Amino acid sequence: MNYDVIVIGGGLAGLTGAIRCAEAGLKTVVISAGESALAFASGAIDVFGIEQDNSFVECPFAAIRHLPSTHPYQKVGAASLQQGLTFFTEQMAAAGIQLSNFGQQNHGRLTALGAIRPAWLSQEGADSLPLLAPAEGIRRVAIINIAGFRDFQPALMAAGMKRHPGFSEAEFILADIKTATLNINTRNAYELRSLELARTLKRDLFSQPNGINILSSALQKAAGNADLVVIPSVLAVEGGNELIRQLETLTGLRICEVATLPPSLPGMRMASALKQRFRQLGGMFLEGDQVLCGCFAENRLSSVKTRLNPDMPISASHFILATGSFFSQGLASDRHHLSEPVFGLDVDAPDSRDQWSDHRFMDGKPHNLSHFGINTSEQLNPYRNGQKIHNLYCAGAVLNGFNPVQEASSGGVAIGTGWFAANRIIATMPQAEETC
Amino acid sequence: MRQIETDVVIIGGGATGAGVLRDCAQRGMRAILVEKDDIANGTTGRNHGLLHSGARYAVTDPHSAIECIRENQILRKVASHCIEETGGLFITLPEDELSFQETFITACTSAGIQAEALTPADALRIEPNVNPGLLGAVRVPDGTVDPFRLTAANILDAEEYGGRLLSYTKVVGLIINNGRVRGVHCIKVKTGEKVDIHAQQVVNAAGIWGQQIIEYADLAIRMFPAKGSLLIVDYRINGMVINRCRKPSDADILVPGDTISLIGTTSEKIPYRDIENIRVTPDEVDVLLAEGEKLCPIMARTRVLRAYCGVRPLISLGDDPSGRNISRGIVLLDHGETDALPGLITITGGKLMTYRLMAEMATDAVAKNLGNSKPCVTAIRPLPGANGKHSDIYAPQVSIPVSGSAKYRHGERAAKFLANDKKQNAVICECEMVTRGEIEYAVHNLNARDLVDLRRRTRIGMGPCQGKMCACRAAGIVSEITHDDNGKQALHSVGEFMQERWKGVRPVLWGDAMREADLSYWLYNNLLGYSQLEPSDPDSHSVNPGEAAVLRGEESKEEVAP
């Protein structure tokens, strides 16, 4: 089998790059080991939201100019990053998900523990708050759960929101909607996860013609006259944003869905839209397979072998490695070393385990390991035994030099580097249709 | 200031202190136990959880061996739900002397410990993961004991006899009048409230922290802390306790327990000032893994879940700053007899294994001083949960793994929460099968105040995911049923709980533990944004009263530190 481009990894970075390549007419395949980190993500896109001193950033594109030269953003450049985000927004819209940006600056995303995280793009269902004055115009907050849903705790969320000075004086209404009200019929409704709950609601409630009215009147009753109504994201995967919009119309309330502990439905929604878009553009998506190794010659990667077809190498002229961080197994570790497990690419990290992390788990300071990753050239080409691999590009969390969580930059780095890598490839391929 | 009047105050909520509370309460004395943190938070909860047969000491310390086998037989009866009768193997590897086996068996036999030599083939048949290169093995009646459950069961029983536990209550001084100890000055660490407890007898069962109590009385007794480190692997790689058949050494015991196995321990003397800040070093991890792989080679391919360490309280009697006269056995001091300071008794040394005997000895001394002649019944009366009648608990909606875990942990007391109620039966911690009902039971009946306490009562958060999926769920439930400060404490305890889990993960941060931690960090700090909730600038948010009180508690500790 021969392709123009093989993308290894089906998460945000890999699919952004793959969609760009497919759109340019390149014969592109994505090899994905399984569910990506998007199932654990909020479904919003952050670009750069937090400075090293933990202060919030309003204008990410101005702030990233001051980052060190090793940061992926300095390799990609602000202009290319912005183009990538615009491209991404268009592609998501084509797949049916509207992403909103609020006045060319970061906004606040509410988390299920009541924290505010900076974001650049959000889905419609997640009501976006002004980053520095999130409580503006909100005096009463209703936090409504589906009774017994274990992965959302209204009391904890209210306590978290109250830590913000703007919400400390707000009135909080905490309420449940009983499962009987929603006709949920299941073995034990107290044990459903978000995805099962969404499927159960689809089957038992939304299949009825007046299903949404039952939900909207229950919501109205529980929320009273709140200025903001928060619900866990459990209502639907596909079509979840439209459902929130309909509920807002029916109730006249301002409703915000927040992503819960995994599976996070807004993240899954984004993943499935990306896959759908890629396939629409003629891309080949191989799910559940895994690249085991590659064949290198003269500092170029010529083909890869996969777990399901080890005897049939897949070759291509260009490759994008977007396998994610430790959790996604783009990076691996043993007692003494960190490594890149697929190709054995050069990884930038100290060998002393004691230096990988900090004694405090979460106090706003990043652990060293969060900026470990693959060392790349200015063009995002990795090195193998010190030799640059010219037709392989790295994108997303597998890269070194940034702190996705502390900086709130995971989404922008994934999209920006995926876009950048794809454009580098397109520039070298005569058959690619320049559309940009 | 609050004043409380009682007969006996016990300091220290480890197994020994809990045992003294129970023993005192059963003999009809009014007793209060004060513990600065949660029960079993110190050395009690930081060891192997090994139910020694005594075989390990048979050659080197026959007296300890005899104590162990007697207590072993007692605990099997009175604490059956805290114990697994796994049996133990003492294996001889090619680098060990096979001739030691005979000395070992002879010593066991004369201490009253059943010891049976097995061929390597027989040993491999009953323990398939044991090192196949073994030259021989001896089977002994070792087992395992859950220290958290054991301590909680002692407290529960003591309370049912009228005893009282004051957890998160720190002793900051002794009340001494006319040359006699008459009680303790305490401070509630969560609120800063001061409490004086007046009593006729004060029992110092604070383990390594007992030195501070002794200093309040100006007595010259030195404790020599010895750190021991252990590793937990994420499933049971062995069915029986595995020892090396040689003189006791570092890192040579592999113990199965609940859903995991653990290897330990190292031993290192540390300065007293370091006892609050101990951690497992990378070198210790390397030693433990190397030794563990010799016992069970599969360990090289098994995920290490956590590392932890504890401090053994070794005591030196008399004015001996060098520590040459260190005793490793049980030490009972009635300071009225040894130091002309009546009213204070210290019980220390010993092992988890001999906690009941230590409690009996201390309570005998208390009873003598108070003229109480009731006999000790702790060797014959079962602890709550150990009366063996849990087979008839009816819980039709609960799956067998869930009800089995509940009965395994709480014996017949599982009937208190295995209800015919879907909400109560919902599984909250899926790794360890902890239901909402079990959480509510632990909060209402077992003095669990927050998530970290809850873990010691129920195993919540102790499985492969290390609490990331259940911490918020459990915090929400605790907040709901305790009507805490509108979720404020519960939210705070989520962070404390994840930090406590991290402490054990960090020393073994590689491979799957790294993957798991990467996900936890992402979920809590990105998806949930927890670190945005913790004020980085202390002036920008008001400190809550709980935190302020803890701070004050720390300060008062500084004043009394040696």
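Residues numbered from 1 in each chain as written. Chains lettered and ligands numbered in written order. Predicted model: local features only at pLDDT ≥ 70, side-chain atom pairs only at ≥ 80, totals over all residues. Heavy atoms only, no water.

**Q** If you had to explain the environment of B:Pro375 to someone new, which residues and values would you point to?
**A** Residues and elements named next belong to chain B. Among the structural elements, Pro375 can be located in the loop between α9 (355-370) and α10 (400-410). Given the relative accessible area of 62%, Pro375 is considered exposed. Measuring from C-alpha to C-alpha, the distance between Pro375 and Ser80 comes to 22 Å, with 295 residues separating the pair along the chain. (Helix = DSSP H or I, 4+ residues; strand = E, 2+ residues; numbered from the N terminus. Buried < 20%, exposed > 50% of the residue type's maximum accessible area, 1.4 Å probe, protein only.)

**Q** Pulling in residues and values, what's your account of the confidence of the model for chain B?
**A** Predicted confidence across chain B gives a mean pLDDT of 91, with 93% of residues reaching 70 or more. Of the two predicted TM-score estimates for the complex, the pTM is 0.92 and the ipTM is 0.97. (pLDDT = per-residue confidence, 0-100.)

**Q** Quick rundown of the packing of helix α4 (residues 78-94) of chain A against helix α11 (residues 410-428) of chain A? Include the residues and the values.
**A** If you want to describe how two helices pack, look at the angle between their axes and the distance between the axes. Residues and elements named next belong to chain A. Where α4 contacts α11, the axes come no closer than 8 Å and their chain directions differ by 100°. Accordingly, the angle class assigned to the pair α4 and α11 is roughly perpendicular. Across the interface between the two elements, Ser80, Leu81, Gln83, Gly84, Leu85, Phe87 and Phe88 of α4 pack against Gly412, Ile415, Gly416, Trp419 and Phe420 of α11. (Axes fitted to C-alpha atoms, helices over the stretch in contact; angles between N-to-C directions. Parallel < 35°, antiparallel > 145°, perpendicular 65-115°, else oblique. Contact = heavy atoms within 4.5 Å.)

**Q** I'd like a description of the packing of aromatic side chains, backed by residues and values.
**A** All names here are of chain A. Counted by the stated rule, this structure contains eight aromatic pairs over all chains. Ring centres 5.5 Å apart and planes at 85° place the aromatic pair Phe296 and Phe343 in the edge-to-face group. A residue pair is termed long-range when its members are at least 10 positions apart, and Phe296 in strand β13 (residues 291-297) and Phe343 in the loop between β17 (338-339) and β18 (347-348) qualify at 47 residues. Neither residue differs from the other here; Phe296 and Phe343 are each classed as buried. (Phe/Tyr/Trp six-rings, centres within 6.5 Å; stacked < 30°, edge-to-face > 60°.)

**Q** Before we move on, could you go through the sheet that holds strand β2 (residues 8-11) of chain B and cite the residues and values that matter?
**A** Strand pairing within a sheet occurs via backbone hydrogen bonds; the two strands may be parallel or antiparallel. Residues and elements named next belong to chain B. One open sheet accounts for six strands, arranged β10-β3-β2-β14-β23-β22; its pairing is mixed. The open sheet has two edge strands, β10 (164-166) and β22 (330-334), and neither has a second partner. Between one strand axis and the next, the sheet turns by 15° as a mean value, whatever way the strands run. One ladder, built from three bridges, connects strand β14 (residues 201-204) with strand β23 (residues 344-349); its direction is parallel. (Pairing = 2+ DSSP bridges.)

**Q** Quick one: what's the story with the interface of chain A and chain B, residue by residue and with numbers?
**A** Contacts between chain A and chain B engage 60 residues on the former and 59 residues on the latter. Buried area between chain A and chain B, summed over both chains or domains, comes out near 5500 Å², and the portion from carbon and sulfur atoms is 60%. Contact with chain B buries surface across chain A, with A:Arg163, A:Phe361 and A:Met362 losing the most and accounting together for 16% of the total. Where chain A meets chain B, there are six salt bridges. The closest approach of N and O atoms between B:Glu430 and A:Arg193, which form a salt bridge, is 2.9 Å. Listed by contribution, the elements that provide at least two residues to the side of chain A that touches chain B are β5 (116-119) and α5 (154-162) of chain A. If one sorts the elements of the side of chain A that touches chain B by residue count, α5(A) sits on top with five residues. (Buried area = accessible area lost by both parts, 1.4 Å probe. Salt bridge = Lys/Arg side-chain N within 4 Å of Asp/Glu carboxyl O.)

**Q** Residues and numbers for the pattern of salt bridges, please.
**A** All names here are of chain B. As enumerated under the stated definition, the model contains 54 salt bridges over all chains in all. With its nearest N and O atoms 3.0 Å apart, the salt bridge here joins Glu291 to Lys294. Separated by three residues within a single helix, Glu291 and Lys294 lie in helix α7 (residues 282-295), roughly one turn from each other. Between Glu480 and Arg436 there is a salt bridge whose closest N-O contact spans 3.0 Å. Taken together, the residues Glu480 in helix α14 (residues 471-482) and Arg436 in helix α12 (residues 436-445) connect sequence positions 44 residues apart.

**Q** Could you give me a rundown of the domain arrangement of chain A, with the residues and numbers involved?
**A** Residues and elements named next belong to chain A. By domain assignment, chain A separates into domain 1 (2-95 + 268-428) and domain 2 (127-258). At the junction of the two partners, domain 1 supplies six residues and domain 2 supplies ten residues. Contact between domain 1 and domain 2 buries roughly 660 Å² in total, counting both sides, with carbon and sulfur atoms accounting for 59%. Inspection of the domain 1/domain 2 interface yields one salt bridge. Glu257 is the partner of Arg269 in a salt bridge, and the nearest nitrogen-oxygen pair spans 2.7 Å. Here the side of domain 1 that touches domain 2 is built from residues that sort into three nonpolar, one polar and two charged. (Domains from an automatic or database assignment. Nonpolar A, V, L, I, M, F, W, Y, C, P; charged D, E, K, R; others polar.)

**Q** Give a description of α10(B) that names residues and reports values.
**A** Residues and elements named next belong to chain B. If you check which residues of α10 are buried, you get Val402, Ser403, Ser405, Ala406, Lys407, Arg409 and His410. At its buried positions, α10 is contacted by α5 (147-160), β24 (427-429), β25 (434-435), α12 and α13 (451-458). Backbone geometry just after α10 places Gly411 at a positive phi near 55°.

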